[in-house]
Amino acid sequence: MDQVNRYIDSVFSKQDILLEEVVASIKENGMPSISVSPSSGKLLTLLISISGAKDVLEIGALGGYSGICLARGFGGEGTLTSLELEEKYAELANRNLSKAGFGQQVTYMTGPALQSLEQLVSEKRQFDFFFIDADKDNYENYLHACIRLAKPGALIVADNVLAGGSVAADNAMPTRYTEIMRKFNETVANHPQLESQLIPIGDGLTVSKVKE
Ligand code: SAM
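Residues numbered from 1 in each chain as written. Predicted model: local features only at pLDDT ≥ 70, side-chain atom pairs only at ≥ 80, totals over all residues. Heavy atoms only, no water.

Student: Before we go on, may I ask you to explain the site of the ligand in this structure?
Tutor: Every one of the 20 residues lining the ligand counts as a neighbour, but Val36, Gly60, Ser66, Glu84 and Asp133 are closest to it. Between serine 66 and the ligand, the recorded distance is 2.8 Å, taken from a side-chain N or O atom to a nitrogen atom. A distance of 3.1 Å is found between a nitrogen atom of the ligand and a backbone nitrogen or oxygen belonging to leucine 85. Here the ligand has 610 Å² of accessible area as a free molecule, and 89% of this is covered by the chains. Partitioned by chemical class, the residues of the shell around the ligand number 12 nonpolar, 4 polar and 4 charged. (Near = heavy atom within 4 Å. Polar contact = N/O pair within 3.5 Å; in protein donor to acceptor, adjacent residues only side chain to side chain. Areas by Shrake-Rupley, 256 points an atom, 1.4 Å probe, with all protein chains shown as cover. Nonpolar A, V, L, I, M, F, W, Y, C, P; charged D, E, K, R; others polar.)

Here it is, written out as structure tokens:
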């Protein structure tokens, strides 16, 4: 899996100085190096560009790597609302998005994402693309909130659904993380309002379309 991903990154995600600077800024600020992989980021850009999504919601900003990939997909015309627990992380993400030219198009909501999602529901906000990449314990809650906030035909993408490949392993004693991601994948695959597939790129992305 790692070998396949390294190959895909080397062929399809060539040098990207801006994103490399984001990665460096995350390290310099003592934050964890857990941004999406280059190829997953590129797929996010492509999915937004293909779908024509303009109102995008991200759950889990970190230093803005995926935020830049999402914003690149809608270019000058869309907006990104990004939910992040840590004030310090949202500030760095904001600086990096501004550096990338998207500062006027991004809004950060800090604090627990479940609270921010409730606020967005109460404001009757609607989005046409969602990227879930925060605490795994709440993935199912995030999925249900995204469906409530979705325009018909919206796309919902979630990262890390392969849990390092462990979801597919023949493990007699799976970790809690593996069990959470297996259950999440079952929910996504069988949800009556979703049409879904799992793309084994990076640490795995589920891509779901909310049925119209
Ligand atoms: N999407 C980012 C990227 O690829 O550039 C990486 C996100 S990182 C994997 C997960 C992020 O979720 C962290 O920045 C973390 O602070 C945030 N997070 C964790 N729990 C959260 C919560 N309950 N509400 C909002 N954000 C949370």
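Student: Hey, could you run me through unusual backbone geometry in this one?
Tutor: Negative phi values dominate among residues other than glycine, just as trans dominates among peptide bonds. A positive phi angle is found at lysine 124, which is not glycine, with a value near 60 degrees. Mapped onto the elements, lysine 124 comes out in the loop between α6 (113-122) and β4 (127-132). Note on lysine 124: relative accessible area 71%, which makes it exposed. One non-glycine residue with positive phi stands out, namely alanine 163, at about 45 degrees. Within the secondary structure, alanine 163 is located in the loop between β5 (150-159) and α8 (176-190). We classify alanine 163 as buried; its relative accessible area is 8%. (Helix = DSSP H or I, 4+ residues; strand = E, 2+ residues; numbered from the N terminus. Buried < 20%, exposed > 50% of the residue type's maximum accessible area, 1.4 Å probe, protein only.)

Student: I would appreciate a short explanation of the environment of leucine 194 in the present structure.
Tutor: Checked against the element boundaries, leucine 194 lands in strand β6 (residues 194-199). On the accessibility criterion, leucine 194 (4% relative accessible area) is buried. A C-alpha to C-alpha distance of 26 Å links leucine 194 and serine 35, two positions 159 residues apart in sequence. Ignoring any residue separated from it by four or fewer positions in sequence, one finds leucine 194 in contact with Leu143, Ile147, Ile156, Val188, Ser208, Lys209, Val210 and Lys211. (Contact = heavy atoms within 4.5 Å.)

Student: I would appreciate a short explanation of the sheet that holds strand β1 (residues 55-59) in the present structure.
Tutor: Backbone-to-backbone hydrogen bonds pair the strands of a sheet. The strands run either parallel or antiparallel. With mixed pairing, 7 strands are arranged side by side in an open sheet as β3-β2-β1-β4-β5-β7-β6. Because the sheet does not close on itself, it has two edges, and the strands there are β3 (106-110) and β6. Each strand of the sheet is rotated relative to its neighbour by a mean of 15 degrees, with strand direction disregarded. Alignment of β1 against β4, held across 4 bridges, turns out to be parallel. The partner of leucine 57 across the bridge, within β4, is phenylalanine 130. (Pairing = 2+ DSSP bridges. Axes fitted to C-alpha atoms, helices over the stretch in contact; angles between N-to-C directions.)

Student: Could you clarify how one ought to interpret the nonpolar core in this entry?
Tutor: The tendency in soluble globular proteins is for nonpolar side chains to be buried as a group. Judged by nonpolar contacts, the single largest core of 35 residues is most densely connected at Leu70, Leu97, Phe129 and Val157. Within the residue set of this core, elements represented by two or more residues are α2 (17-28), α3 (38-51), α4 (65-74), α5 (87-99), β3, β4, β5 and β7 (205-210). Here this core takes 6 residues from α4, the largest share from any one element. Aside from chain neighbours lying at most four places away, what touches phenylalanine 129 is Leu44, Leu47, Ile48, Ser51, Ala53, Asp55, Val56, Leu57, Leu70, Leu155 and Val157. Grouped together as the second largest cluster of nonpolar side chains are 30 residues, Leu57, Leu83, Ile132 and Ala158 included. (Core = buried A, V, L, I, M, F, W, Y, C linked by side-chain atoms within 4.5 Å.)

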